[in-house]
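These are the residues of each chain, in order.
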Amino acid sequence: MVTLLNSLRKYAGGGATIKRLSAPLGGVLLIVFLILSGGCTPNDPYRASEAGANTFYSTFFEPPKHLDPARAYSSEEYDFLAQIYEPPLQYHYLKRPYELIPSTIEEVPVPAYYGRDGKRLPHDSGPEKVSKAVYEIRVKKGVLYQDHPAFAKGPTGSPLYMNLSPSDLKGIDEVSDFKVKGTRELKSDDYILEIMRLADPEIESPVLPIFEKYILGLKEYSEALRRDLDGIRKERRAKAGLSYNQEADEKENPVILDYRKHKLPGIERVDDYTFRIILKTKYPQFVYWLAMPFFSPIPEEAHLFYKQGALADKNITIDRFPIGTGPYMMETFNPNMEIVLAGNPNFHYEEFPKEGEAGDAQKGLLKDAGVRLPFAERLVFKLEQEVIPRWNKFLQGYYDNSGITSDSFDQAVSFSAAGEAELTEAMKEKGITLQTSVRPSIYYTGFNMLDESIGGYSTEKQKLRQAISIALDFEEYIEIFNNGRGIPAMSPIPPGIFGHAEGEEGVNPYVYEWDDAKKRPFRKSLEYARKLMREAGYPNGRDKSGRPLVITFDNPWTGADSTPMINWYIKRMRLLGIQLENRTTDYNRFQEKMLKGNFQMFSWGWNADYPDPENFLFLLIGSNSKVKFQGENVSNYSNPEFDRLFKVMENMDNSPARLKIIDEMLDIAQKDSPWVWGHHPVAFGLYHRWMSNIKPNSMANNTMKYIKIDPELRKNLRGEWNSPNLWPIAIIAAILILGSVPAIISVRRKRLGKAKR
Amino acid sequence: MLTYIIRRILYAIPIVIGVNLLTAVLFFYVNTPDDMARKILGEKNVTTAQVENWKRDHGYNLPVFFNGPEEGTAKLTETIFFKKSLPLLWFDFGRSDRNNIDIGGEIKTRMWPSLAISLPMFTFGLVLDLFLAMMLAYYRGTYLDLWGVVLAVVMMSVSTLFYIIGGQFLLGKVLKLFPISGFDTGMDSVKFLVLPVVIGVLSSLGVGVRFYRTVFLEEINKDYVRTARAKGLSEGAVLFKHALKNAMIPVLTNVVVSIPFLFYGSLIMERFFAIPGLGNFTIDAIQAQDFAIVRSMVYLGSILYIVGLILTDISYTLVDPRVRFE
């Protein structure tokens, strides 16, 4: 370097310029040297104090809208809620099929059925005989809430933080900023309060219409609360006059409805630890709802604490700062940046399961059997709305797990000759593991059964829809658009749910045939589909008058893949001579069309609330029709026999008899083909080698307590993977500086030189 | 000057009302209150009764602009537009539609991360633009000037998204010099700001350098510059003391109007770098069909634009004595 500078100095014919240049150049090189020799990781997004901590790092794609358990209803919200709140039941982490186990209650409740005469009925009584189903729930003793200011008491024993004014809240922006906190034991009243909250019109619980159908008197109760709310608002408006601003007024003085003013006959309090939920009909699936956050306990202290205008003004609400008994509690709620959950020191004793399904022990999933939960001390979720930075930070080791987007799929996964998904060499070198699981969901293409040309129940119409079902080759679709991450659906019921059959038994005989030699189904030929078209009255896709069959296809697709996907549909339909007319609209218009029945063919999906076939088959019952009843049966399919069987099946416990009915229902639906059954998505998850006890569980959301991290290994690998490369910067800086020198010298010579004569 | 400012503020009132009107027209042309309710209530099990209740509870059950059945002024005041837009005039932004958060508080919180990234980006960008433009003007006619202009044209032709993704890849992933994305509070935020600021400065460098170079070249060919040189002043003094001062009018036109928008943040930058600023806030609200936030941010944008224009006019008088408030 010295030689280089000397030769430049010589060339310039003067030392001043080069002296000026050598200082910054030397400075840059010194910084480069220092960073290179320092062994630090300047790209580490975490604070130095966090290195080596037993913390789980992950991401969230969009800020949760609601963390009020009565209101939240999306997986993004459940990722946080389920770690904090404890509904009465939970899913066993390891066992499959999914099994409910107690969470904060003594045992899974078994309903007691009563007839119209008030007499107890046997468990297997038909639904027509049952007028009351009583679930008695016994809460475990000694379960404590997390420390929270709502429980803080003043010297007189009254709540310390009530009637707060804005001046009382100086320096308080989060719940953790309150100095005094307290706790108390979980009581049956807390579960009762939450059920009452479901009926609160201000909370706008999305499941209220469902439970109004089942919980005795809930509909009347919610109507009474609605009348109370309207009355209070009317009164306030009348008092304030024309200038009344409801929003501003309720921000300052929130409305507090008196839940105990009206009777809710569907809930009975027995004692501090026991309560009953009374349904007005037999509904065996109700226990699954008891594992969802809608039934989480809310202490009255917190309900009233969060109803203070001064707190709401600071955005400190129950919708942002949950209060639970679970393994974690909210430490930082900054949904624009990060959400941090810290271990709840008051969490009751719970241990890692001692048994799982076959093969779990061999996979090392029972190594921690009997060890106290949770393992990770903190959970840090960072907001990452773009997939590229999220993926790169996972590869750098700064996130512990990741999904796989289409963009990064080829980097992460390859398919073996046998068609099995496996990790690429680069992933294997890093020790990353791949976990796959079929999601309890279905993405399907539906027909409007009310439509004159594509709907209807005649044999011709059945054959027309069956032919289209054959032509829309979802094996190809999954390969092209989902990177193979899906299973072609034979019916609405996905694998892992009672009623789904594997092998030849589960094949949809109207679309597939069974290859005995290869032991797998194969799609019927296009020739067969064309034959069906002829029988349906559309030879070569034309009707009797020779006009082509034109079908409109409604979808809300706007992503990068949408055009190729639509073209794929058009191309496949053209194989039958059908002209598919695409009608992509924004989601609002799409929903409106579905509501009004103004469509022929559409694309839709469903994600199960609970692992029961009822939660899929109800998508096809007449009483759930979108057009007539605004239900979830978007195809408006209505087959009286299917509906009759559904009524019998929905109230049965899982048994061979129930399976037989489900098989009959599936056969009816497959023959009518109101849907092209589409596919069940398969989730691919990647995990770093420092993580253990990983087993995908599509129904449980409270799985963070089971996950174990080796922080020391992570720290070492992060250091190894992230030492900086500075030499390219040094080279670019040197080129820029040295490249400028001749011009500088030339100008200086020109300026300092003598004027030409 | 005060009269002038008051007059400009009064001019601004119909503009602001017009902007609000236009926002409401566009928003409700694309989304009906029913669409908003369905989007906010969720995808599953939404009944007509729930939609109607939501609209009533959030004041979206009224007509958008004109309430025919009402009497007198109530025909105009009992409308979504009046009820939702009037409080904006005294900066009462209300609460968001989707999660009931205080919008004013959220703006106050989020403007700091936006400023943390846009202020250094603006300052360093401006200084570097001016410095490099003057250097090119100084070395005009040399290969440095030629290749500098070529490079500027190339840089201004590349999309911002490419700078972001390329910058994150090169500086964050390959060279591992900076965190790829993220944000923190206090001094811990500095390490997250370097990469977006560097990328932001680089992405606007081409446009800035080329524009200011033209301004300076025009200036250094004027008579007073020749006079300054004839007096024996160094080229540096001529450029930095004389030419720069006289080139301030076009510079200020370009710069001062941008200053208020620094609060507004950068839409793409904040999203890719996970900066919890106002740009991201606005994009999320549009996606979530949250009219309360959209109208607040559009209103704020129009106010900032008007403030920017007034500031530009004031700054002219400071740098050019010939400009007067009349």
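Conventions we followed
Residues numbered from 1 in each chain as written. Chains lettered and ligands numbered in written order. Predicted model: local features only at pLDDT ≥ 70, side-chain atom pairs only at ≥ 80, totals over all residues. Heavy atoms only, no water. Pairing = 2+ DSSP bridges. Helix = DSSP H or I, 4+ residues; strand = E, 2+ residues; numbered from the N terminus. Axes fitted to C-alpha atoms, helices over the stretch in contact; angles between N-to-C directions. Salt bridge = Lys/Arg side-chain N within 4 Å of Asp/Glu carboxyl O. Buried < 20%, exposed > 50% of the residue type's maximum accessible area, 1.4 Å probe, protein only.

Some thoughts on the sheet that holds strand β11 (residues 378–383) of chain A
All names here are of chain A.
1) Next: Pairing within the open sheet is mixed, and its four strands lie in the order β1-β11-β10-β9. For this open sheet the edge positions go to β1 (55–60) and β9 (328–334), each flanked by a neighbour on one side alone. The mean angle between the axes of side-by-side strands here comes to 20°, regardless of whether they run parallel or antiparallel.
2) Next: Strand direction decides the pairing type here: β1 and β11, joined by six bridges, are parallel. Its bridge partner lying in β11, Thr55 is registered against Arg378.

Observations regarding the pattern of salt bridges
Residues and elements named next belong to chain A.
1) Next: Following the criterion strictly, the structure yields 69 salt bridges over all chains and no others.
2) Next: Arg184 serves as the salt-bridge partner of Glu301, at 2.7 Å between the closest nitrogen and oxygen. Taken together, the positions of Glu301 in helix α9 (residues 300–305) and Arg184 in the loop between β6 (132–138) and α4 (188–198) put the pair 117 residues apart, joining distant regions of the chain.
3) Next: Of the charged contacts, one joins Glu202 and Lys307 as a salt bridge, the two residues approaching to 3.2 Å between their closest N and O atoms. Here Glu202 is found in the loop between α4 and α5 (208–212), whereas its partner Lys307 is found in the loop between α9 and α10 (309–313), with 105 residues between them in sequence.
4) Next: The exposure class of Glu202 is partly exposed, given its relative accessible area of 21%.
5) Next: With relative accessibility at 17%, the residue Lys307 sits in the buried group.

Comments concerning the environment of A:Ser469
Residue and element names in this part refer to chain A.
1) Next: One can find Ser469 in helix α14 (residues 459–471).
2) Next: Overall, Ser469 belongs to the buried group, its relative accessible area being 3%.
3) Next: Separated by 276 residues in the primary sequence, Ser469 and Ile745 have C-alpha atoms spaced 77 Å apart.

Thoughts on the pairing of strand β19 (residues 520–523) of chain A
All names here are of chain A.
1) Next: As judged from the four bridges shared by strand β18 (residues 512–515) and β19, these two strands associate in the antiparallel manner. Bridge pairing links Trp514 to Pro521 in β19.
2) Next: Where β18 folds back on β19, the antiparallel hairpin that results is connected by four residues, among which Lys519 adopts a positive phi of roughly 55°.

The values are spatial; any link to function lies outside them.
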